[in-house]
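# Examining the three-dimensional arrangement
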Amino acid sequence: MQNLSNVTVELAAEHGLTGGEFARAVEILGRTPNFTELGIFSVMWSEHCSYKSSKKWLRTLPTEAPWVICGPGENAGVIDIGDGLAAIFKMESHNHPSYIEPYQGAATGVGGILRDVFTMGARPIANLNALRFGSPDHAKTRHLVSGVVAGIGGYGNCIGVPTVGGECTFHTSYDGNILVNAMTVGIAPKDNIFYAAAAGIGNPVIYVGSKTGRDGIHGATMASAEFDDQSDEKRPTVQVGDPFTEKLLLEACLELMATDAIVAIQDMGAAGLTSSSFEMASRGGMGIDLDLDQVPMRETGMTAYELMLSESQERMLIVLRAGREDDARAIFEKWELDFAVIGRLTDSGRMVLKMAGDIVADLPVAPLAESAPEYDRPHRASPKLDAIRGADVILRKSTRDALLALMGSPDLCSKRWIWEQYDHMVMADTVVRPGADAAVVRIHGSNRALAMTTDCTPRYVFADPVEGGKQAVAECWRNLSATGAKPLAITDCLNFGSPEREEVMGQFVGAIAGIGEASRALDFPIVSGNVSFYNETNGVAIQPTPSIGGVGLIARVDRIARVGINAEGLAIILLGQTVGELGASLYLREINHSEAGAPPPVDLAQERQIGEFVRSRIESGDVRVCHDVSDGGLGVAVAEMVLAGGVGVTMSVPNGVDHGWWFGEDQARYILAVDQKSAAQIISDSEKVGIKATRIGTSGGSTLDLGADGAITLSDLRAVAEGWLPGYMNA
Amino acid sequence: MKAAVIVFPGSNCDRDLMVALEQSAGAAPTMVWHRETTLPDVDLIAVPGGFSYGDYLRSGAMAARSPIMKAVVEDARRGVAVLGVCNGFQILTESGLLPGVLMRNRDLRYVCRDVFLRVEQNDTPFSNKYAQGQVVKIPIAHHDGNFFIDSDGHRQLEDEGRIAFRYCDSAGLVDNRSNPNGSLANIAGVLDPSRRILGMMPHPERLSDPNLGGNDGRALFDSILNALS
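Thresholds, definitions, all that
Residues numbered from 1 in each chain as written. Chains lettered and ligands numbered in written order. Predicted model: local features only at pLDDT ≥ 70, side-chain atom pairs only at ≥ 80, totals over all residues. Heavy atoms only, no water. Contact = heavy atoms within 4.5 Å. Buried area = accessible area lost by both parts, 1.4 Å probe. Salt bridge = Lys/Arg side-chain N within 4 Å of Asp/Glu carboxyl O. Polar contact = N/O pair within 3.5 Å; in protein donor to acceptor, adjacent residues only side chain to side chain. Helix = DSSP H or I, 4+ residues; strand = E, 2+ residues; numbered from the N terminus. Pairing = 2+ DSSP bridges. Axes fitted to C-alpha atoms, helices over the stretch in contact; angles between N-to-C directions. Parallel < 35°, antiparallel > 145°, perpendicular 65-115°, else oblique. Core = buried A, V, L, I, M, F, W, Y, C linked by side-chain atoms within 4.5 Å. Buried < 20%, exposed > 50% of the residue type's maximum accessible area, 1.4 Å probe, protein only. Phe/Tyr/Trp six-rings, centres within 6.5 Å; stacked < 30°, edge-to-face > 60°. pLDDT = per-residue confidence, 0-100.

## Describing the interface of chain A and chain B
The interface is formed by 33 residues belonging to chain A together with 29 residues belonging to chain B. Regarding the contact of chain A and chain B, the summed buried area is about 2600 Å², with carbon and sulfur atoms giving 52% of it. When residues of chain A are sorted by the area they lose upon contact with chain B, Phe-244, Glu-420 and Met-425 of chain A head the list and together hold 22% of the total. Run the count over chain A and chain B and you get six salt bridges. With a shortest N-O distance of 2.8 Å, Asp-423 of chain A and Arg-206 of chain B are connected by a salt bridge. Remark: the boundary between chain A and chain B carries 16 residue pairs in polar contact (both at pLDDT 80 or more). Looking at the side of chain A that touches chain B, the elements with two or more residues in it are α8 (141–159), α10 (243–257), α13 (325–334) and β14 (430–432) of chain A. With four residues, α10 of chain A is the single largest residue contributor to the side of chain A that touches chain B.

Rendered as structure tokens:
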């Protein structure tokens, strides 16, 4: 054994291992680890790779349904979408790298999540991204928005997968920790899905893709620590993406997957060769002998430590059936990618690394991969807040002025400036483009489609983690239902501050409880996900942000609903109860500069009943225009429908309503625009089953007429909604 | 009508172009890998969009020097029709089959959106199903679509009627506001002197299906079928 160096508890601490964790490593090995082994322990047991603070709680989430083929634990979740096909999807964070180097951080976030999906045999059909930036007034925000958007576009546009949706909001809690959550959805033949469990003693372990360089070493460890004022110095731990190589890798992998040469495949993401090799070996209960001299290297003089910890992008590890090396090599040579046999599977249960004739590391697989530390961290529940209704709120602006202010606010304004930088049409199957409730992407060559969306309202989760967790799932479900899709499953990307602080851990525990409850009530299981802790700078945490990415199935692409009101004389109908909940609302924040109050409660039984009613009417062809009511309430929802379709609305405002009616964010509500005949039928049908249905207006003309509160012309509304983001970015 | 679609490493609209051609012609085109040195006997060679060779060096520059492009140039000189879309247009200018260059967009950002085009010439194999002066909606998606040519070259294109499409607004007005990328004289597509080679930045294959939000691209492929069958 080489390098029986003086690894100490202090050196371990510099690697992010606690004294207890280091003692455990020594106990597992029966000796002190050498430097390379220490590096491997540190990344395998980092929060990012081991989920040591979150595992206990993640286990409580519902992950099963008859249509779930593979739940959490693999590279991505897999669900059955009929016709012999499976949808494979996952969302993942790339927060820390994106703050340090926004273009490359965001680009490699997209690259990483794409690989997670095509590793399993799927052709990616869509990308989405949920972005949270700091206050627009913060000195860095403009630079971060510009770099992140360019990075996401630069990667997705080049590889040729459409970026079809997502979110982008701003809040001062993200000033020092932006969130970049990227989601990919892919489609694979149901009977040809690839997993990461190594099998077959003597089978070759293959390295394909880009060469390994010194970039991104300890990225996973960085993602498991808080930022401080010196964080900019961590730039060398950020990786550099090459979407062209990823495109080649995608095509080469799919070509190889069409043969039967692959036993197991795993991308090299966080913690690179270390986590990919350990995960494959561990899932298959195997050992691996690796000859590190065979790893394709970008530079000379790289050490075993660097090779094992590098996070160079666009690389895959594959276990092939013995004897199929030449077939596989021919494919990768065609695509001009590196291909190297770097090891063999063994029955030793150990990872043995050799370099220049020496054994440089010798570690037992199972204890490292499966017996990682697990913590039940102390947690404290957030205090319960009181509801806030219209009568509790001082009126600062007229309805008309408040609506214009909201439509031009950073969170609600049009994000066209962003999504026009993304190729959202390549692959020629994008049916509903960005800017709607959910994007709709046709399943190629068929008349069916997938709807997809990402959702979370961090201010709700901050005010009440349980209700906020529920709401994130419910809104995702609602956005899919509003297009006519049957919601099938979700992926979660859980972004929080430091789990070592009780109130943050309390937010996490509460949000998981809410997510789990909603997911059970709506038959909307969690099939994949990721946890990102330590999103805080100098002790200030972000608003808790459990992003929920959902996928639903549309049986007929010609029977969907869209947001835009595009015809005159339609009846505008509101489904669902309106109490006028203004706690933690955007109205309160933007107009009254207050973030107080409890978020709107989520009634999951009502969500389900109303959502299913709406979907049945879209499927039957009666409803072709539908929008869910969320941020900004009823007033904003109608304004968005008017802008999207280009036809105005005259509102019929019930007597005695206040700004709670206009801007309250009560949940489980949808707005439909239907012809007069269907309107009567829908109202009577919904009342029969106990769903409140209110006619709130009629379409026509080119103004949004708010009744006694005045009117707004479409061109004024458009100027406000479309103006803020380009104005801000070009300032 | 027999067609071939060239596939470079990094092409990503090859399938979209194949689907659109098949939809109009009724037969699937042959996909031809960049390392080939000869083309099958076809009526049309289509060079698709994407990021050939990652657009490294300069968009289209490396693809223009790949083995298959020698065969494309030779067949084009023999009179085989050639359509280049987006990156395909960039490759055709880089390989000398079409004049001018595609520079970085005026505002330096990638842009993907529907734009309106005015059909400037409808007496070509690519546009005979459109009316002269017709305004059509076709999307663009590019970072380097800002067409430029020197003033002599520009005059020649105008005089010879070789500007196939110009960016315009929904009423057909060609002005600076309707120019999405800064292209000289709002030029969106140009023809070679034989009028059998067309390069265009907009993607007709992306709006050739009403389910996707428009069908104006379809007539371009129907025109090809009409002219070359």
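## Focus: the sheet that holds strand β11 (residues 338–346) of chain A
Residues and elements named next belong to chain A. The seven strands lie next to each other as β8-β10-β7-β11-β9-β12-β13, forming an open sheet whose pairing is mixed. Here the strands that pair on one side only, and so sit at the sheet edges, are β8 (262–267) and β13 (358–364). Recorded for the sheet is a direction-independent mean angle of 20° between the axes of neighbouring strands. Taken together, the four bridges between strand β9 (residues 287–291) and strand β12 (residues 350–355) define a ladder with parallel strand orientation. Bridge pairing links Asp-289 to Val-352 in β12.

## Points about the packing of helix α3 (residues 35–44) of chain A against helix α11 (residues 272–284) of chain A
All names here are of chain A. In contact at an axis separation of 10 Å, α3 and α11 are set at 75° when each is read in the N-to-C sense. As judged from the angle between their axes, α3 and α11 are roughly perpendicular. Across the interface between the two elements, Ile-40, Val-43 and Met-44 of α3 pack against Thr-274, Ser-275 and Phe-278 of α11.

## Quick word on the nonpolar core
Proteins that are soluble and globular tend to have nonpolar side chains buried together. Ranked by size, the top nonpolar core spans 127 residues in total, and within it Phe-332 of chain A together with Leu-44, Leu-83 and Phe-165 of chain B carry the most contacts. Top element by residues in this core is α10 of chain A. It accounts for nine residues. Each residue touching Phe-332 of chain A, except ones within four places of it in the same chain, is listed here: Val-208, Leu-249, Ala-252, Cys-253, Leu-256, Ile-318, Leu-337 and Phe-339 of chain A. Judged by nonpolar contacts, the second largest core, of 64 residues, contains Leu-61, Val-509, Ile-554 and Val-602 of chain A.

## A short note on the packing of aromatic side chains
Residue and element names in this part refer to chain A. All told, the structure shown has 15 aromatic pairs over all chains when counted by the stated rule. Measuring from centroid to centroid gives 5.0 Å for Phe-41 and Trp-45, while their planes differ by 75°, and the two rings are edge-to-face. With respect to class, Phe-41 is no different from Trp-45; both count as buried. Pairing Trp-661 with Trp-662 gives two aromatic rings, centres 5.0 Å apart and planes at 85°, and the pair type is edge-to-face. Each of the two residues, Trp-661 as well as Trp-662, counts as buried.

## Describing the confidence of the model for chain B
Chain-level pLDDT for chain B is 97 on average; 100% of the residues reach the 70-or-more range. Taken together, the chains of this predicted complex give a pTM of 0.96 and an interface ipTM of 0.97.

## A closer look at the pattern of salt bridges
Using the criterion set out here, one finds 68 salt bridges over all chains in the structure. The salt bridge involving Asp-80 of chain A is made with Lys-190 of chain A; its shortest N-O contact spans 3.0 Å. Taken as a pair, Asp-80 of chain A in strand β2 (residues 77–82) and Lys-190 of chain A in the loop between β6 (179–189) and β7 (204–209) lie far apart in primary sequence, 110 residues in all. With relative accessibility at 23%, the residue Asp-80 of chain A sits in the partly exposed group. For Glu-420 of chain A, the salt bridge is made with Arg-113 of chain B, and the minimal N-O distance between the two is 3.1 Å. A residue pair is termed interchain when its members come from two chains, as with Glu-420 of chain A in the loop between α16 (416–419) and β14 and Arg-113 of chain B in strand β6 (residues 111–119). Put simply, Arg-380, Arg-501, Glu-502, Glu-503 and Glu-536 of chain A are held in one network by salt bridges that share partners.

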